[in-house]
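# Coordinate inspection notes
Listed below, chain by chain, are the residues.
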Amino acid sequence: MDKVIPVVVIKNLEDTVPTLTGLIKGGINCAEITFRTACAEEAIKLGVKTFPDMNIGAGTVINGEQCEKAINAGAKFIVSPGLSKEVAKICKEKNIPYYPGCVTPTEIMEAISLGITVVKFFPANVYGGLKALKALSAPFPQIKFIPTGGVDLSNLKEFLEFDKVYAVGGSFMMKGNVEEICKEIVKICE
């Protein structure tokens, strides 16, 4: 399992290989390429082809059409900012992990009803951070969380030490020298 899921925005297709190379050289073999740029689908295709052993998924997937495109491009997991029944259905049919954004008990219950046991908690800093995750994990012991938004080098270890955190996500490792930041993250995760 990847403990850290970098949220990667590829604005120009030619940035795909250097960006993913930086993650790999830094010790992180995972990337959530967001589906909010014109070249996202092609970036996923290129990333999967160039780095077949890397765990590359699609993020910011908000509907079934995007989900189909991402999976057809080779995405190995799908992440949404919220919960989409349409995306959940497609992922279940194709046996692709789906991590929907869920921050309220109602959303978590909906995810559970769809057979989902890992949810994105976004934006974590706005919705109460680790304190909220601990409170929500009491009535939902079967759920694991991927907090994203507000997670950074200063609190990464604290999040990862909580047993209900499946992984942490974020774009914080994409700001600056990606390889060096990732090396620092790997040290924190040890």
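In what follows, the structure referred to is the one given above.
Residues numbered from 1 in each chain as written. Predicted model: local features only at pLDDT ≥ 70, side-chain atom pairs only at ≥ 80, totals over all residues. Heavy atoms only, no water.

### Digging into the packing of helix H2 (residues 40-50) against helix H3 (residues 64-73)
Where H2 contacts H3, the two axes come as close as 8 Å, and the packing angle between them is 25°. Comparing the axis directions of H2 and H3 gives the class roughly parallel. As for how H2 packs across H3, the hand of that crossing is right-handed. Each of Glu41, Ile44, Lys45 and Val48 in H2 lies in contact with H3, whose residues at this interface are Lys69, Ala70 and Ala73. Here the residues of the contact of H2 with H3 are counted per class, giving four nonpolar, no polar and three charged. (Axes fitted to C-alpha atoms, helices over the stretch in contact; angles between N-to-C directions. Helix = DSSP H or I, 4+ residues; strand = E, 2+ residues; numbered from the N terminus. Parallel < 35°, antiparallel > 145°, perpendicular 65-115°, else oblique. Left-handed = near helix turned anticlockwise from the far one by under 90°. Contact = heavy atoms within 4.5 Å. Nonpolar A, V, L, I, M, F, W, Y, C, P; charged D, E, K, R; others polar.)

### Regarding the layout of surface pockets
Estimated volume of the largest pocket: approximately 250 Å³. Around the largest pocket, the lining is made up of 13 residues, and of these Ile96, Pro97, Tyr98, Gly115 and Ile116 lie nearest the centre. Only helix H4 (85-94) and strand E5 (98-99) provide two or more residues apiece to the lining of the largest pocket. For the lining of the largest pocket, the element with the most residues is H4, which contributes three residues. Here the second largest pocket is characterised by a volume of approximately 160 Å³. In this structure, the second largest pocket is lined by Val7, Glu32, Arg36, Thr60, Pro81, Lys120, Phe122, Thr148, Gly149, Gly170 and Ser171. Tallied by class, residues from the lining of the second largest pocket come to three nonpolar, five polar and three charged. (1 Å grid on protein atoms, 1.4 Å probe; cavity = no way out; pocket = protein on both sides within 12 Å on 5 of 7 lines; lining within 4 Å. Points joined across faces, edges and corners; volume = space filled by probe spheres on them.)

### Here we look at the packing of aromatic side chains
In this structure the tally under the stated criterion is three aromatic pairs. Relative to Tyr166, the ring of Tyr99 has its centre 5.9 Å away and its plane inclined at 45°; by these criteria the two rings are tilted. Residue Tyr99 is located in strand E5, and its partner Tyr166 is located in the loop between helix H7 (156-161) and strand E8 (168-170); the two are separated by 67 residues in the primary sequence. Since its relative accessible area comes to 10%, Tyr99 is described here as buried. Here Phe121 and Phe145 contribute two aromatic rings whose centre-to-centre distance is 6.1 Å and whose plane-to-plane angle is 85°, an arrangement assigned as edge-to-face. In this pair, Phe121 sits in strand E6 (residues 118-121) while Phe145 sits in strand E7 (residues 144-147), placing the two residues 24 residues apart along the sequence. Of the two residues, Phe121 and Phe145, both sit in the buried class. Here the guanidinium or amino end of Lys120 rests over the ring plane of Phe122, the centre of that ring lying 4.8 Å away. Above the ring of Phe162, the side-chain terminus of Lys134 is found at 5.7 Å from the ring centroid. (Phe/Tyr/Trp six-rings, centres within 6.5 Å; stacked < 30°, edge-to-face > 60°. Buried < 20%, exposed > 50% of the residue type's maximum accessible area, 1.4 Å probe, protein only. Lys NZ or Arg CZ within 6 Å of the ring centre and 35° of its normal.)

### Some remarks on the pairing of E7
Bridge count between E6 and E7: four bridges; the pairing is parallel. Bridge pairing in E7 links Val119 to Phe145. Between E6 and its parallel partner E7, the chain crosses via helix H6 (residues 129-137), and the hand of that crossover is right-handed. (Pairing = 2+ DSSP bridges. Right-handed = clockwise from strand over helix to strand, strands pointing away.)

### Comments concerning the side chain of Gln66
Mapped onto the secondary structure, Gln66 falls in helix H3. Given the relative accessible area of 17%, Gln66 is considered buried. One polar contact links the side chain of Gln66 to the main-chain amide nitrogen of Ile62, over a distance of 2.8 Å. Residue contacts for Gln66: discarding those within four places in its chain leaves Phe35, Thr60 and Val61. (Polar contact = N/O pair within 3.5 Å; in protein donor to acceptor, adjacent residues only side chain to side chain.)

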